[in-house]
Each structure stands twice: as C-alpha cells, then as structure tokens.
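Read off the chains here:
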Amino acid sequence: MLNVNEKNLLEAVETYLIDNGCDPIKTRQYFNARRFSHGIVMTLPAVCLVPGNKPAESRSKQTHIHVTSKSREFFYSAKELEEAKASTPWIRQNLIIAYNNIQALHGEELSPGLSMADSYMMTKIECRKSQEKQVQLSRLSEDDALFLKLRQGLYENDVLIFLKYRDSRQFFVVGIPYSYHFFKFKFESPRKTARFRVKTYESLQSRNAIPVKTAVENVLAEHRSDEIIESEEPISDTVYQRMVDSAEASDTTYTAEEYVAQNPDGNSATSHRPPTNPALGKEAIKDNSYCCSINAGHNTFLKPDGTKYMEVHHLIPLNQQKNFQYKLDTKANIVPLCPNCHRMLHYGCLKDIKETLKDLYDKRTAALKQSGLDVSFKDLISYYVVETTV
C-alpha cells in the first residue's frame, strides 16, 4: 500500500489512471513535478455529495464542497481570504479532467491513450458570522457538464484530488472511488474525525526526482566549499548519481529511440545536457550484479540495503547528443562503474582512459549499434580529450 505524501502523490494519480486504461508512458510523462507544484486530497463526506449520491439517511441539502482552515489557501491566497469581509461572488475555476476518470466512475468503456478535456467549476469565499470563512467549490447550476458528471460518479469516502499547474491557474482534477483507493493508497489527514478530511501537499516531487535543496546538499557533500568548478558538469554528475541511487530500476531492452530536443533554441547554461532517466542507470547497475564493468572484483562500500554502491557513466558522453540522432541516455550506453574507475575516466591520464575505453567499447559495440549509436573508437576517444560529462 502506498503511503501518499509529497513525494508520491503524482505517482498515486498516474497509477489510478493507468489502471483505468490510460497509456502508461504518456501518463508517467505528463504527471511530473515540472508540471504540477501542489496538490490537495479530499475524502468526501456525505454532506459534500450531489443530492442523488447522498446516503438515504442524509438530510443535508448542501450541494457544494466546503474547504476550511489552512487548506483554503490552495484555492485562494491568504491575502484574498483576509480581505474578504463579505461573501464573494461565485467565480469560474478552470479545470482539466481525464476522460478515463469519468468513464471509470460511470462504468463506461475505457478509451485508450491519455485523453483530457477542459472543464470548470464555480468557487467562492463564504463569510459566516460565528464561524471561520469557508471556501466553497461547485455550484451545480453553473458548473461545466464534465465536472458535474465527475461529481455524479463520486460517493461517500471517495477521494477528490486537485493538482495545481505551475504555469497557469488551472487545476487537474481526478476522483478516485473508495473501492479502489482503500486497497491501494493510505492518505494522510491532519484531521482524524468522522467529518470532512482534507490535506494539502506542497512542493510535489515526481518519480526518480529530487528537490533542488537536496541536490545542492549533495553537491556540497562532493566538493569543498572553496573549490573552483569551471563548468556545470561536476554538479550535474553529482545530482545525477544521487538520483540513480534512489531510483527504482526499470526494465528495458537495447532499442534505438530517436532523440527530440527539449529546448532547441534555448540558451540555458545546461542546454547541451539532455534529460536523463535515472531508472535506466539503476537497471544497468542491477543487471551487472552491483559490480564494476571494468573489474567485478573492485571493492566499494555497502549501502544500507546491503548492495555495493556503484555509479553509472555514459560511454558516449551526453554532451555529444547533438551529434547523434538517437538517445545517448539509453541502456547500451550506460556503464556501471565503481567510484574510483568512474573518476579515472573523468580525471585520469589519457593512457589509462584509452585502455579502459577500448575494453568497454569492444564489449558494447554491438549493443550500441542496436541502439542506433554507431561510433568509431577514434571518435569515442576524441570525446575524452577534454573533460567529459557523466
């Protein structure tokens, strides 16, 4: 069972959607922390359901969903809440909803792929005389039909999740039935009562990613504070190795995958370094039985899980991606190494580097070609004349 927190809320959403027919690759690519910043999870009580879905014994005529306490700031800023001296008018909040979510809730045939549509709900700040202000969501007479259909598929103790986009004021919304999340997820809640339960998750993280603060700490642990770094490569290397160490191994084959530049016209200092998938590095280490590719007898320290610590190295450096049609961050090009051998390939004398590269090249030539990476040993050596990337 997944204990949902900031690190895996996005994973929980993608797991539900994939289990209900959404394309796994597209879904995992979409739900990442570069796209979403915050999330809020609501376990729905009877009072917050549409009339037709309330339990038979319920006498509540309420049709909106109410949010109180600190969680109100997910929908309105602290300043907006403070300045509201009277109840505000209903306003439109733009949403995005996955069709598969609607289909699953209503028992309809599931569509393939990952299909989403624009929608909206109405929201307001409700000022009450003797109680704190509420944020109220959904006005049935004015909500978009797609969001209304989502609500019509939700019952008591089902979960409603909103994810906040980083680059717009839109939210992605998904409803997960109790019959599904009870066996899959454990949602934390600061309010352990029988009434409405809600929790906001800030600084969302995505699978195989780490926050900037952690990345900086990792870099400082690797380098002296007074050390001069002439390029960003040692920083990128340190962060990447930590991400590999904490990633979950994938399961891939030697295949050619065409590279598509993420920011071809960008002028970022790191624009030459393409995105990497740390799970591939973890797979390479696991497949090599946690041993160094240069010499399986090379010793290194043991990690808390009892496995030997290994690092990974891209045989054709990532800064050469511009010269290749197919991805360099691919299984055939990733070599597990003990830390000493890895540093030797970066900082050793050219004679030792050539001898080591020749051995690795001979072992991997066929796999490299199978992955679309046809490189001569002469060209490979030329990439190491100056400082290489990881």
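Higher on the page you've got the structure.
Remember, it's a predicted structure, so these values are computed and weren't measured experimentally. For every chain, the first residue of its written sequence is number 1, and the numbers climb from 1 along that sequence. The predicted nature of this model means local features are confined to residues of pLDDT at least 70 and side-chain atom pairs, given and counted, to a pLDDT of 80 or more, with totals for whole chains, interfaces and linings taken over all residues. Hydrogens and waters are ignored; side-chain quantities use all the structure's heavy atoms.

Student: Would you take a moment to explain the overall build of the chain for this structure?
Tutor: Secondary structure elements are taken from DSSP: a helix is a run of H or I of four residues or more, a strand is a run of E of two residues or more, and numbering for both begins at the N terminus. Each helix and strand in the chain was counted, giving twelve helices and twelve strands. The cut-offs for exposure are 20% and 50% of the maximum accessible area for each residue type, with area from a 1.4 Å probe on protein chains only; residues under the lower value are buried, those over the upper are exposed, and the others partly exposed. Expressed as a percentage of its 390 residues, the buried residues of the chain come to 48%. Residue contacts are defined here by distance: any two heavy atoms, one from each residue, within 4.5 Å place the two residues in contact. Long-range contacts, defined as pairs at least 24 residues apart, comprise 73% of the intrachain contacts of the chain with a sequence gap of at least 6.

Student: Sorry if this is basic, but what is going on with the nonpolar core here?
Tutor: Side chains of a nonpolar character, in soluble globular proteins, are inclined to be buried together. Grouped together as the largest cluster of nonpolar side chains are 58 residues, with contacts concentrated most on Met42, Phe75, Ile161, Phe162, Leu163 and Phe172. Ranked by size, the runner-up nonpolar core spans 33 residues in total, among them Val312, Leu337, Ala367 and Leu380. For the purposes of this section, nonpolar cores are sets of buried Ala, Val, Leu, Ile, Met, Phe, Trp, Tyr and Cys residues that join through side-chain atoms within 4.5 Å.

Student: I keep staring at the side chain of Lys54 and nothing clicks. Help me out?
Tutor: Relative to the helices and strands, Lys54 is located in the loop between β2 (36–43) and β3 (65–67). Neither His nor the chain termini are counted; the positive set is Lys and Arg, and the negative set is Asp and Glu. Just to be clear on terms, a salt bridge is a Lys or Arg side-chain nitrogen sitting within 4 Å of an Asp or Glu carboxyl oxygen. The buried charged residue Lys54 lacks any salt bridge, with Glu156 as its nearest oppositely charged partner at 9.9 Å. Identification of polar contacts relies on pairs of N or O atoms within 3.5 Å, with a donor-acceptor requirement for protein atoms, meaning one able to donate a hydrogen and the other able to accept it, and with residues adjacent in sequence counted only if both atoms are side-chain atoms. A distance of 3.0 Å separates the side chain of Lys54 from the backbone oxygen of Leu49, its partner in a polar contact. Those residues in contact with Lys54, other than ones at most four positions away along the chain, are Ala46, Val47, Cys48, Leu49, Ser60 and Gln62.

Student: What am I meant to see in the pairing of strand β11 (residues 311–314) here?
Tutor: Regular strands place side chains that alternate from one sheet face to the opposite one. Of the two faces of β11, the one holding Glu311 and His313 and the one holding Val312 and His314 are both buried throughout. DSSP-based pairing: two strands are paired if at least 2 bridges between them are found. As paired strands, β11 and strand β12 (residues 334–337) are joined by four bridges and run antiparallel to one another. Across the sheet, residue Glu311 finds its bridge partner in β12, namely Leu337.

Student: How do you make sense of the sheet that holds strand β5 (residues 116–126) when you look at a structure like this?
Tutor: In a beta sheet, neighbouring strands pair by backbone hydrogen bonds and run either parallel or antiparallel. Spatial ordering of the open sheet is given by β3-β6-β5-β4-β8-β7-β2-β10, a layout of eight strands whose pairing is mixed. The outermost strands of the open sheet, each flanked by one partner alone, are β3 and β10 (197–201). Adjacent strand axes in the sheet meet at a mean angle of 30 degrees, parallel and antiparallel pairs treated alike. Bridging between β2 and strand β7 (residues 159–165) involves seven bridges; their strand directions are antiparallel. Residue His38 lies in a different strand from β7, and its bridge partner there is Lys164. Angles shown run from 0 to 180 degrees and are taken between the N-to-C directions of axes, each axis being a line fitted to C-alpha atoms and, for helices, limited to the stretch in contact. Of the strands in this sheet, β2, β4 (91–98), β7, β8 (171–176) and β10 are in contact with helix α1 (residues 9–19), which crosses β8 at around 60 degrees. Helix α5 (residues 145–152) rests against β3, β4, β5, β7 and β8 of the sheet, and its axis sits at about 80 degrees to β5.

Everything listed is a geometric property; what it means functionally is a separate question.
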